[in-house]
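# Observations on the model geometry
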Amino acid sequence: DAGVTQSPTHLIKTRGQHVTLRCSPISGHKSVSWYQQVLGQGPQFIFQYYEKEERGRGNFPDRFSARQFPNYSSELNVNALLLGDSALYLCASSPSGREGEVSEAFFGQGTRLTVV
Amino acid sequence: AQSVTQPDIHITVSEGASLELRCNYSYGATPYLFWYVQSPGQGLQLLLKYFSGDTLVQGIKGFEAEFKRSQSSFNLRKPSVHWSDAAEYFCAVGAGGGFQKLVFGTGTRLLVSP
């Protein structure tokens, strides 16, 4: 079975531009989460989607948005890019996302975003 | 709010020696605890998890971790380190309560010397 796949693997954007990152979860997983990992730090939670609905949001500005499609794939959008948005963006899928449940998260290889 | 502390930023271990990476968490309810490993430029691979039951959990690649509620700790151990174990290790705590969110520590970089 394929794991979590993310695209693109790397990209370079200019300040002020917009970017869309994509994620396909493991087959059968309905929950997708997004994390930002700045160099030298642990991943920081951005969003969780379950059954196409936003279930949780981290402490990120409104420039960050996401959505989940009927096939459970997901997009992360970032508007008005800042230099500080340069990071590895990780997508994780989980078999469960129902309220009160926690299950292990399986991560993709990430998208390395560089803002210049 | 949940938090995770990994007090060691770097650890160097000789190949074949034992390893223990420390993790302390802060969480009001029963914690869900995880250890992940990350090779340079790569995503995170789950090593092991603790949800409930036996406090000593076994993972992949010969790793194990012990949950100690009284110490709010979830330390990762391996009896004999291999050069391929060199990587960044992250401890994380998860919470239910409506959505899934993992709170990660800052990581411990493991260096393996010959």
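What counts and how
- Residues numbered from 1 in each chain as written.
- Chains lettered and ligands numbered in written order.
- Predicted model: local features only at pLDDT ≥ 70, side-chain atom pairs only at ≥ 80, totals over all residues.
- Heavy atoms only, no water.
- Disulfide = S-S within 2.5 Å.
- Helix = DSSP H or I, 4+ residues; strand = E, 2+ residues; numbered from the N terminus.
- Buried < 20%, exposed > 50% of the residue type's maximum accessible area, 1.4 Å probe, protein only.

### Describing the state of the cysteines
- Summed over the entire model, instances satisfying the criterion amount to two disulfides over all chains.
- Linked covalently through their sulfurs, Cys23(A) and Cys91(A) form a disulfide whose S-S length is 1.8 Å. Since a negative S-S torsion denotes a left-handed disulfide, the Cys23(A)-Cys91(A) link at about -65° is left-handed. Of the two residues, Cys23(A) is situated in strand β3 (residues 19–24) and Cys91(A) in strand β9 (residues 87–94); the sequence distance between them amounts to 68 residues.
- Judged by relative accessible area, Cys23(A) falls into the buried class, the value being 2%.
- With a relative accessible area of 0%, Cys91(A) lands in the buried category.
- Disulfide pairing places Cys23(B) opposite Cys91(B) at an S-S distance of 1.9 Å. The S-S bond linking Cys23(B) to Cys91(B) shows a torsion near -65°; that makes this disulfide left-handed. Highlighted residues: Cys23(B) in the loop between β3 (19–21) and β4 (24–26) and Cys91(B) in strand β10 (residues 87–95), separated in sequence by 68 residues.
- Given a relative accessible area of 0%, Cys23(B) falls into the buried group.
- We classify Cys91(B) as buried; its relative accessible area is 0%.

### Quick look at unusual backbone geometry
- The step from Ser7(A) to Pro8(A) runs through a cis peptide bond, and the omega angle for that step is -10°.
- Within the secondary structure, Pro8(A) is located in the loop between β1 (5–7) and β2 (10–13).
- A positive phi angle, near 50°, is found at Glu51(A), a position not held by glycine.
- On the secondary structure map, Glu51(A) appears in the loop between β5 (44–50) and β6 (53–57).
- Relative accessible area serves as the criterion here: at 29%, Glu51(A) is assigned to the partly exposed category.
- Here Ser72(B), not a glycine, exhibits a phi torsion of approximately 50°, which is positive.
- Take Ser72(B): it is sitting in the loop between β8 (64–68) and β9 (73–78).

So yeah, pure geometry; function would need other evidence.
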